[in-house]
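Tertiary structure, described
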Amino acid sequence: MPLAIAPTGAAGLVWFGGEVALARAAAEANIPFTLATRSMSSIEDMAKAGGVLWFQQYLWRERDLSFELIDRVNKAGIEALIVTLDVPVQP
């Protein structure tokens, strides 16, 4: 059965380093971890956690900033880009 850990940007609010802990647990379970656009941890720190990493990208009005973020994701070796279009305006 295909599994992945969905974007959990708030995990860093609940537990210091929560996203890194989730990424490490996903790596131990051999499933992908999806880093959220609004993550509390940096792309680069998450890449150090190891395992299979995906990135969930909300596209911003400032498209150049979106593309810069995607470049960072690519340089960090994250394997998949998931483009999210479900929120037309900021909450």
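Here, the structure is the one placed above.
Residues numbered from 1 in each chain as written. Predicted model: local features only at pLDDT ≥ 70, side-chain atom pairs only at ≥ 80, totals over all residues. Heavy atoms only, no water.

**Quick notes on helix α2 (residues 18-29)**
The terminal C-alpha atoms of α2 lie 16 Å apart, and with 12 residues this matches the ideal 16 Å at 1.5 Å per residue to within 8%. Buried within α2 we find G18, E19, V20, A23 and A26. The inward-facing, buried residues of α2 contact α1 (11-14), β1 (33-35), α3 (43-48) and β2 (53-58). One or two steps after α2, the chain reaches N30, where phi turns positive at roughly 60°. (Helix = DSSP H or I, 4+ residues; strand = E, 2+ residues; numbered from the N terminus. Expected span 1.5 Å × (residues − 1). Buried < 20%, exposed > 50% of the residue type's maximum accessible area, 1.4 Å probe, protein only. Contact = heavy atoms within 4.5 Å.)

**Remarks on the packing of aromatic side chains**
What the rule picks out here adds up to 0 aromatic pairs. A cation over a ring is seen here: R38 above Y58, with NZ or CZ 5.2 Å from the ring centre. (Phe/Tyr/Trp six-rings, centres within 6.5 Å; stacked < 30°, edge-to-face > 60°. Lys NZ or Arg CZ within 6 Å of the ring centre and 35° of its normal.)

**Quick look at the pairing of β2**
Buried residues dominate β2, accounting for 5 of its 6 residues. When β1 meets β2, the two strands line up parallel, connected through 3 bridges. If you follow L35 over to β2, its bridge partner there is F55. Read as a crossover between parallel neighbours, the route from β1 over α3 to β2 is right-handed. One ladder, built from 5 bridges, connects β2 with strand β3 (residues 80-84); its direction is parallel. Paired with F55 across the bridge in β3 is L81. Considered for its hand, the β-α-β crossover made up of β2, helix α4 (residues 63-75) and β3 is right-handed. (Pairing = 2+ DSSP bridges. Right-handed = clockwise from strand over helix to strand, strands pointing away.)

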